[in-house]
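# What the coordinates show
Listed below, chain by chain, are the residues.
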Amino acid sequence: MIRVIYRSYGGENNKSRPDYYDKDLTLASFIRAAQRADIEVLFLNDGPIPPERLAVMSAAGQTRRIAAEPVGMRASYRTAWGLPKTLGWDPDTLVFFSEDDYLYHADAFVALAAADERLVDATYFALYGSTLRQMNPTEFVDESLYPANFTRRPDRTIDGVTWVNIPSTTSSFGGRAGALAMDHPIMVQSMYPFRTRFQDHETCLVYQGTMPFVGREVLLGAPSSYPWTPWGVVRRLGLAPFRIAFNAHAWMRRNRPHPLYVAEPNLACHMEIPVMTPGRDWAAVAADTRAWMAAGRPRETFGGGR
């Protein structure tokens with residue numbers, strides 16, 4: 001069984017977006033994909049949502065507001081991660097977390113449902129994430145994407161969709177409820193020592209039993225982490241205890257890893273230009289979604305589209 005928690009915020013930010021992006025579009029693409037797979041949706045809202053968009057959500061699933069005013073990304077993420085346990089969901093339930101700036105292929109959750117049933121090697125699933133063959137542009141120069149100590153499991157093909165074991169993904173991913181509860185301490189650990197970063201990459205490596213830092217990185221961090229200035233060196237050395245703690249947690253998980261697999265090509269895409277993955281025509285997916293909206297499916301939510 002799949003349940004989806006869609007984390008949404010009523011405002012916007014100044015990230016570099018494709019010209020076809022807006023939150024009504026991404027929401028519509030998500031709802032269309034969810035309806036095709038007939039899965040349950042819980043919209044977890046960080047503060048107030050524009051009334052028209054909230055009506056869309058209410059027509060498509062349950063809605064829940066975290067607080068009267070926005071609590072921020074990190075608090076929203078922690079709330080979402082803990083909800084399956086709070087709501088008493090079965091440990092075998094596949095819980096998929098979605099942020100509100102992702103564009104979904106219409107068959108995204110149909111493919112995820114098939115993988116949930118037949119990809120027994122996987123504990124975590126992603127619809128967006130770089131692979132060696134299809135990598136977002138920023139990661140071509142990121143020396144930490146595929147660590148040398150990461151052992152990749154064989155690809156699997158299910159109903160024509162290739163699933164690839166990858167080191168990490170973003171905060172939009174799926175995991176079995178029992179694993180989420182077991183890995184909750186790793187998620188909490190990832191919140192330190194930064195005020196805004198999730199450390200997604202390190203979190204995913206740790207729950208897969210892979211040490212995020214090797215050799216001199218344990219003491220000094222990745223070569224690109226901070227400039228080699230006096231203050232940069234202080235930052236590098238000051239973070240060493242946190243890197244050691246991550247490695248220790250990964251070492252303890254080495255015999256019971258929770259593998260992460262992603263669909264290749266991706267079936268969802270983060271709508272931020274520098275990190276959009278290749279392999280699919282996302283502008284065409286957006287246009288197809290607009291056509292679905294314009295056709296009034298469902299009319300009561302999108303008012304006949306734009």
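Attention here is on the structure that accompanies the text. (Residues numbered from 1 in each chain as written. Predicted model: local features only at pLDDT ≥ 70, side-chain atom pairs only at ≥ 80, totals over all residues. Heavy atoms only, no water.)

Right, let's get into unusual backbone geometry. Going from Y192 to P193, the amide bond is cis rather than trans, its omega being 5 degrees. Checked against the element boundaries, P193 lands in the loop between α6 (184-190) and α7 (200-207). P265 follows E264 through a cis peptide bond whose omega is -5 degrees. Tracing the chain through its elements places P265 in the loop between β10 (260-264) and β11 (268-270). One non-glycine residue, D38, adopts positive backbone phi at about 55 degrees. (Helix = DSSP H or I, 4+ residues; strand = E, 2+ residues; numbered from the N terminus.)

Moving on to helix α10 (residues 240-252). Here α10 contains 13 residues, and its C-alpha end-to-end distance of 19 Å stays within 8% of the 18 Å for a straight helix at 1.5 Å per residue. Burial in α10 covers these residues: A240, R243, F246, N247, H249 and A250. Turning to α10, the residues buried within the fold contact α6, α7, α8 (217-220) and α9 (230-238). (Expected span 1.5 Å × (residues − 1). Buried < 20%, exposed > 50% of the residue type's maximum accessible area, 1.4 Å probe, protein only. Contact = heavy atoms within 4.5 Å.)

The subject of this paragraph is the pairing of strand β8 (residues 161-165). Consecutive side chains along a regular strand alternate between the two faces of the sheet. Most of β8 is tucked away: 5 of the 5 residues are buried. Residues V161, W163 and N165 point to one face of β8 and T162 and V164 to the other, with burial holding for every one of them. In the sheet, strand β7 (residues 156-158) pairs with β8 via 3 bridges, with the strands oriented antiparallel. Looking at the pairing, T157 lines up with T162 of β8. Here β7 folds back onto β8 in antiparallel fashion, the turn holding 2 residues, of which D159 has a positive phi close to 50 degrees. Of the pairings in the sheet, the one linking β8 to β10 comprises 4 bridges and is antiparallel in character. Note on β10: the bridge partner recorded for T162 is E264. (Pairing = 2+ DSSP bridges.)

Now for the packing of aromatic side chains. Per the counting criterion, the structure on display carries 15 aromatic pairs. Measuring from ring centre to ring centre gives 3.9 Å for Y124 and Y207, while their planes differ by 20 degrees; the resulting arrangement is stacked. Taken together, the positions of Y124 in strand β6 (residues 124-126) and Y207 in helix α7 put the pair 83 residues apart, joining distant regions of the chain. Aromatic rings pair up to connect Y6, F30, F43, F96, Y104 and F109 into one cluster. Looking at R17, its charged tip hangs above the ring of Y21, at a distance of 4.5 Å from the centre. Positioned over the ring face of W228 is R236, at 3.9 Å from the centre of the ring. (Phe/Tyr/Trp six-rings, centres within 6.5 Å; stacked < 30°, edge-to-face > 60°. Lys NZ or Arg CZ within 6 Å of the ring centre and 35° of its normal.)

Most of strand β4 (residues 94-98) sits inside the fold, with 5 of its 5 residues counted as buried. Neither face of β4 is open: one carries L94, F96 and S98, the other V95 and F97, and all of them are buried. The sheet contact formed by strand β1 (residues 2-9) and β4 spans 5 bridges and is parallel. Pairing of Y6 across the sheet is with S98, part of β4. Across 4 bridges, the pairing between β4 and strand β9 (residues 173-176) is antiparallel. Looking across to β9, one finds that L94 is bridged to R176.

A few words now on the pattern of salt bridges. Enumeration over the complete set of coordinates arrives at 16 salt bridges. A salt bridge links E272 to K15, with the nearest nitrogen and oxygen atoms 3.7 Å apart. Placement of E272 in the loop between β11 and α11 (282-294) and of K15 in the loop between β1 and α1 (23-37) is noted, with a sequence separation of 257 residues between them. K15 gets classed as partly exposed once you look at its relative accessible area, which sits at 34%. Two residues, R118 and D159, come together in a salt bridge whose shortest N-O distance is 2.8 Å. Of this pair, R118 sits in helix α4 (residues 108-118) while D159 sits in the loop between β7 and β8; the two residues are 41 residues apart in sequence, bridging distant segments of the chain. Bridged by salt links that share partners, the residues R133, R152, D155 and E264 form one connected network. (Salt bridge = Lys/Arg side-chain N within 4 Å of Asp/Glu carboxyl O.)

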